[in-house]
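A structural walkthrough
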Protein chains: 2
Amino acid sequence: MDKTAGRHPKIKDVASSAGVSVTTVSRVLNGHPYVREEIRAKVAASIEALGYSPSSIARSLVRRSTDLIGVIVSDITASFFSTILGSIEEAASAKGYAILVSNIAEDPEKELRYLKLFKGMRVAGIIVMHEPTTAAIRRYAASIGIPLVVSSARPAGLSEPSVNIDDETAAYDAASYLAGLGHRAIALIGGDCERLTTARMRYDGYRRALAEKGIEADPALVKVGDFKTQDGYMLMGELLRTSPRPSAVFALSDDMAAGAMNRVMDEGLRVPEDISIMGFDDSALASMTRPALTTVHQPIADIGSISVESLIRGIEGDRPSTEGIILRHRIVERASCARKA
Amino acid sequence: MDKTAGRHPKIKDVASSAGVSVTTVSRVLNGHPYVREEIRAKVAASIEALGYSPSSIARSLVRRSTDLIGVIVSDITASFFSTILGSIEEAASAKGYAILVSNIAEDPEKELRYLKLFKGMRVAGIIVMHEPTTAAIRRYAASIGIPLVVSSARPAGLSEPSVNIDDETAAYDAASYLAGLGHRAIALIGGDCERLTTARMRYDGYRRALAEKGIEADPALVKVGDFKTQDGYMLMGELLRTSPRPSAVFALSDDMAAGAMNRVMDEGLRVPEDISIMGFDDSALASMTRPALTTVHQPIADIGSISVESLIRGIEGDRPSTEGIILRHRIVERASCARKA
DNA sequence: TTGTATGCGTTATCAA
DNA sequence: TTGATAACGCATACAA
């Protein structure tokens, strides 16, 4: 009784089962007009009976396009990224796209491998939440012939569209806020300015705020890590041992801020009474710590959805849309920062 | 000069550029033997020059298989899931598979839609980190003809392989631990036992521990939410108003535990001096809170990698491997639980 | 060692 | 309103 050979019946099976041509089946599949209602019903019945599901592989081959969006994340584990990823998934899914995700964990090899994979798969578009690391990667990404948007990172050396906040101003606002609270020894813990444009912009903003308040920058007060909790904890340890000890520290991610806060408390000091700590991102974590983090709010969900929209515009539109979208940030005051004693 | 029509050159372009047949190009592409070294070099040069990248779509069509693994997550934002997802990505990527991720956010419609999408794409396998919600979904999943493993959830009504810890015993151990600390009014905040087998198993373990210690179960002390921080916060609020007030609460996720802890502190009480709080998962969050969470450790990374291994065995092996893998849990003592005053 | 021809499962073109 | 048939880009059986 079983006419279908493999696990997945094909359009031909449906056709013969319904006693029509494959063309007709294809027509009802794609909601084409010019199919008699009676036939349509019969075909639908066969599809149902056989459990037929059209192969999007074959379909993609002839249509020469897929409904796939490749996304490259540097650390899927970070609350900031997983939230963006969630919003990307939501927006993409709503538009009929599925997402292919990679977690490159700062491994340039892997980043390049995924870019190649994406090209091989002919994904419709790519979202990169990472600063394209090496020159080879930048070159490859630029030559790939697939719409790409860089999300919450700077496309250094790439003329691709991007969506970000104004990192320089955001950091300036944060540092100014801390200075406004009377702090002068304001430390910065963040990412590598050489490698990450985002980190450098924030550093610049921090420096500008200090300069404006007449505070001399102290190199001993800026420490570099990789945005993770662990690093915040470690770097705060170093900071606690520098003299003079900073009275406020500005962390370039909430994860780092949380780590720093824990270190302060673990060493028997209080936040914010002894040391104020400010975060960056306003990720879910920010309101989960106690004291809750005063931080720089990034419109995380918007960054994700707007990245998708921008990408889809690039996919479906004609021209590649080289826009750099800047979203609004703001300082959100919670409980981790206080006026300097 | 430009002979290639579209954006992506095809094997034919490479062939004519190198002055050989497509078969030969295909051979060097797939590392076939029996290709003269000289020709191989020439072809490689053409590939490089044209920036040719084989279409995995066409390749999949003829090979009748893809290197895709579809994964369904209920909440990608939860630290527990994003960590597993990271480990799944790592394991899959190491084996040459890419992952397609969906974030279904407890939406059965979306779960079914994704399952259908995955089938249409002919993914090689599927990992579901969620308890297949409706009967329709269970039926569809069972009939889909694609290897599937349920990870960190129970495949209720499904005979598919799964990887989990022993949730009943884990909860039993946790509740026993709390009882061992002298607590008798031990509350439970968790998920819906009707819908989630995992939640029910944990509830059963909790009940068993209480019974064994001769503690009468008080229905007022068990509250149902959806594993999120927000719910922990809210449910703890209710618990604080029940009398007698529990002296310990066992939360079925670290996220909930963190929320509960915050509520306790926000209402001016102390953890663990006034109320002990125990979590579940040992996600990254567990060591980030202060006090750090005493919790039930799940081997999160292992769950991910073993799920992938098991799935791949199902993909590449002959028989569908209907094994239920149980990983070891353990209680990790940190600072959120104390002996009852 | 290399090339020709066929098929993978769809959609699209054209004719009927 | 319906149906042959030719692509789509590649891998492979078979021939040379």
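Since we're looking at a predicted model, the values are computed, not measured.

Calculation notes
Residues numbered from 1 in each chain as written. Chains lettered and ligands numbered in written order. Predicted model: local features only at pLDDT ≥ 70, side-chain atom pairs only at ≥ 80, totals over all residues. Heavy atoms only, no water. Helix = DSSP H or I, 4+ residues; strand = E, 2+ residues; numbered from the N terminus. Rg over C-alpha atoms; globule rule 2.2 N^0.38 Å. Buried < 20%, exposed > 50% of the residue type's maximum accessible area, 1.4 Å probe, protein only. Contact = heavy atoms within 4.5 Å. Areas by Shrake-Rupley, 256 points an atom, 1.4 Å probe, with all protein chains shown as cover. Lys, Arg positive; Asp, Glu negative; His and termini not counted. Charge placed at Lys NZ, Arg CZ, Asp CG, Glu CD. Least-squares fit on C-alpha atoms with pLDDT ≥ 70 in both. Near = heavy atom within 4 Å. Polar contact = N/O pair within 3.5 Å; in protein donor to acceptor, adjacent residues only side chain to side chain. Nonpolar A, V, L, I, M, F, W, Y, C, P; charged D, E, K, R; others polar. Pairing = 2+ DSSP bridges. Axes fitted to C-alpha atoms, helices over the stretch in contact; angles between N-to-C directions. Salt bridge = Lys/Arg side-chain N within 4 Å of Asp/Glu carboxyl O. Buried area = accessible area lost by both parts, 1.4 Å probe. Phe/Tyr/Trp six-rings, centres within 6.5 Å; stacked < 30°, edge-to-face > 60°. Domains from an automatic or database assignment. Parallel < 35°, antiparallel > 145°, perpendicular 65-115°, else oblique. Left-handed = near helix turned anticlockwise from the far one by under 90°.

Regarding the overall build of chain A
Secondary structure summary: chain A contains 12 helices and 12 strands in total. For 341 residues, the compact-globule formula gives about 20 Å, and the C-alpha radius of gyration of chain A, at 26 Å, lies well above that figure. In terms of its C-alpha atoms, chain A occupies a principal-axis envelope of roughly 85 × 40 × 30 Å. Looking at chain A as a whole, 57% of its 341 residues are labelled buried. Within chain A, counting contacts between residues at least 6 apart in sequence, those at least 24 apart form 69% of the total. Roughly 14500 Å² of accessible area belongs to chain A as shown, and the carbon and sulfur atoms make up 51% of that amount. Here chain A holds 41 positive side-chain charges and 42 negative ones, and the gap between their average locations is 6 Å.

So, the relation of the copies chain B and chain A
With an RMSD of 0.0 Å, the operation that places chain B on chain A is a rotation of 180° combined with a shift of 0.0 Å along the axis. As the rotation angle and translation indicate, the two copies are arranged about a two-fold axis. The rotation axis passes nearest to the C-alpha of L100(B) in chain B, at a distance of 2.2 Å. Both copies contact each other with a shared surface, as 100% of the interface residues of chain B are interface residues in chain A too.

A look at the protein's contact with DNA strand D
Residues in contact with DNA strand D amount to 24 residues; listed here are only the nearest, T24(A), R27(A), K10(B), I11(B) and Y52(B). Looking at DNA strand D alone, sugar and phosphate atoms form 65% of those within 4 Å of the protein. I11(B) places a polar main-chain atom, nitrogen or oxygen, 2.4 Å from a phosphate oxygen of DNA strand D. At a separation of 2.9 Å, a phosphate oxygen of DNA strand D approaches a polar side-chain atom of S26(B). Elements represented by at least two residues in the surface near DNA strand D include exactly helix 2 (22-29) and helix 4 (56-63) of chain A together with helix 2 (22-29) and helix 4 (56-63) of chain B. Considering every element that reaches the surface near DNA strand D, the biggest residue donor is helix 4 of chain B, with 4 residues. A class-by-class count of the residues in the surface near DNA strand D yields 11 nonpolar, 7 polar and 6 charged.

Structural notes on the protein's contact with DNA strand C
Contacts to DNA strand C come from 26 residues, most closely from K10(A), I11(A), T23(B), T24(B) and R36(B). Across the atoms of DNA strand C situated within 4 Å of the protein, the share located in sugar and phosphate is 66%. Taking K10(A), its side chain carries an N or O atom lying 2.4 Å from a phosphate oxygen of DNA strand C. Looking at the surface near DNA strand C, the elements with two or more residues in it are helix 2 and helix 4 of chain A together with helix 2 and helix 4 of chain B. Sorting elements by how many residues they give to the surface near DNA strand C places helix 4 of chain A first, with 4 residues. Grouping the amino acids of the surface near DNA strand C by side-chain chemistry returns 12 nonpolar, 8 polar and 6 charged.

A few points about the sheet that holds strand 9 (residues 276-281) of chain B
Strand pairing within a sheet occurs via backbone hydrogen bonds; the two strands may be parallel or antiparallel. Residues and elements named next belong to chain B. Taking strand neighbours across the sheet as the criterion, the 6 strands line up as 7-6-8-9-10-12 in an open arrangement whose pairing is mixed. Both edges of this open sheet fall to strand 7 (222-224) and strand 12 (330-332), since each of them pairs with a single strand only. If you compare each strand with its neighbour and ignore which way they point, the axes differ by 20° on average. Bridge analysis of strand 6 (residues 186-190) against strand 7 gives 3 bridges, and the strand direction is parallel. Paired with I189 across the bridge in strand 7 is K223. Those strands touched by helix 11 (residues 254-266) are strand 6, strand 8 (248-251), strand 9 and strand 10 (294-297), and its axis lies near 160° from that of strand 9.

Focus: the pattern of salt bridges
All names here are of chain A. With the rule as written, the count across this model stands at 32 salt bridges over all chains. A salt bridge links E238 to K223; the nearest nitrogen and oxygen atoms lie 3.2 Å apart. Of this pair, E238 sits in helix 10 (residues 229-240) while K223 sits in strand 7 (residues 222-224), and the two are 15 residues apart along the sequence. A residue is classified by how much of its surface remains accessible, and K223, at 18% relative accessible area, is buried. The partner of R334 in a salt bridge is D282, with the nearest N and O atoms 2.3 Å apart. Placement of R334 in the segment after strand 12 (330-332) and of D282 in the loop between strand 9 (276-281) and strand 10 (294-297) is noted, with a sequence separation of 52 residues between them. Judged by relative accessible area, which is 29%, R334 ranks as partly exposed.

A closer look at the interface of chain B and chain A
Of the residues lining the interface, 51 residues belong to chain B; the matching set on chain A comes to 51 residues. Summed over both sides, the interface of chain B with chain A buries roughly 4100 Å², with 56% coming from carbon and sulfur. Along the contact surface separating chain B from chain A lie 4 salt bridges. Note that D266(A) is salt-bridged to R290(B), the shortest N-O span being 2.8 Å. Where chain B packs against chain A, one counts 24 residue pairs in polar contact (both at pLDDT 80 or more). Listing elements by their share of the side of chain B that touches chain A, those giving two or more residues are helix 4, helix 5 (79-94), strand 2 (98-103), helix 6 (108-121), helix 10 (229-240) and helix 11 of chain B.

Quick look at the packing of aromatic side chains
Residue and element names in this part refer to chain B. Taken as a whole and judged by the stated rule, the model has 8 aromatic pairs over all chains. Their ring planes at 35° and their centres at 6.2 Å tell us that Y203 and Y206 sit as a pair that is tilted. You can see Y203 and its partner Y206 sitting in helix 9 (residues 197-212), 3 residues apart, about one turn around the helix. Residue classification places Y203 among the partly exposed residues on the basis of a relative accessible area of 21%. Residue Y206 is classed as buried on the basis of its relative accessible area of 1%.

Overview of the domain arrangement of chain A
Interface size is commonly expressed as the accessible area that is lost once the parts come together. Domains assigned within chain A are domain 1 (11-63), domain 2 (68-165 + 300-326) and domain 3 (167-299). When each unit is reduced to the centre of its C-alpha atoms, the spacing between domain 1 of chain A and domain 2 of chain A is 35 Å.

Focus on the packing of helix 1 (residues 11-18) of chain B against helix 3 (residues 37-50) of chain B
Residues and elements named next belong to chain B. Close contact between helix 1 and helix 3 brings their axes to 9 Å; oriented N to C, the two are set at 125°. Relative to helix 3, the element helix 1 is oriented oblique. As for how helix 1 packs across helix 3, the hand of that crossing is right-handed. Residue-level contacts link D13, V14, S17 and A18 of helix 1 to K42, V43, S46, I47 and L50 of helix 3. When its residues are assigned to classes, the contact of helix 1 with helix 3 shows 5 nonpolar, 2 polar and 2 charged.

Observations regarding the pairing of strand 3 (residues 125-129) of chain A
All names here are of chain A. Extensive coverage of strand 3 is indicated by the burial of 5 of its 5 residues. The alternating pattern of strand 3 places G125, I127 and M129 on one face and I126 and V128 on the opposite face, and all of these are buried. With 5 bridges joining them, strand 1 (residues 68-73) and strand 3 adopt parallel strand pairing. Within strand 3, the position partnered with V71 by the bridge is I127. Bridge count for strand 3 against strand 4 (residues 148-151) is 3 bridges, and the pairing is parallel. From the neighbouring strand, I127 faces strand 4, where its bridge partner is V149.

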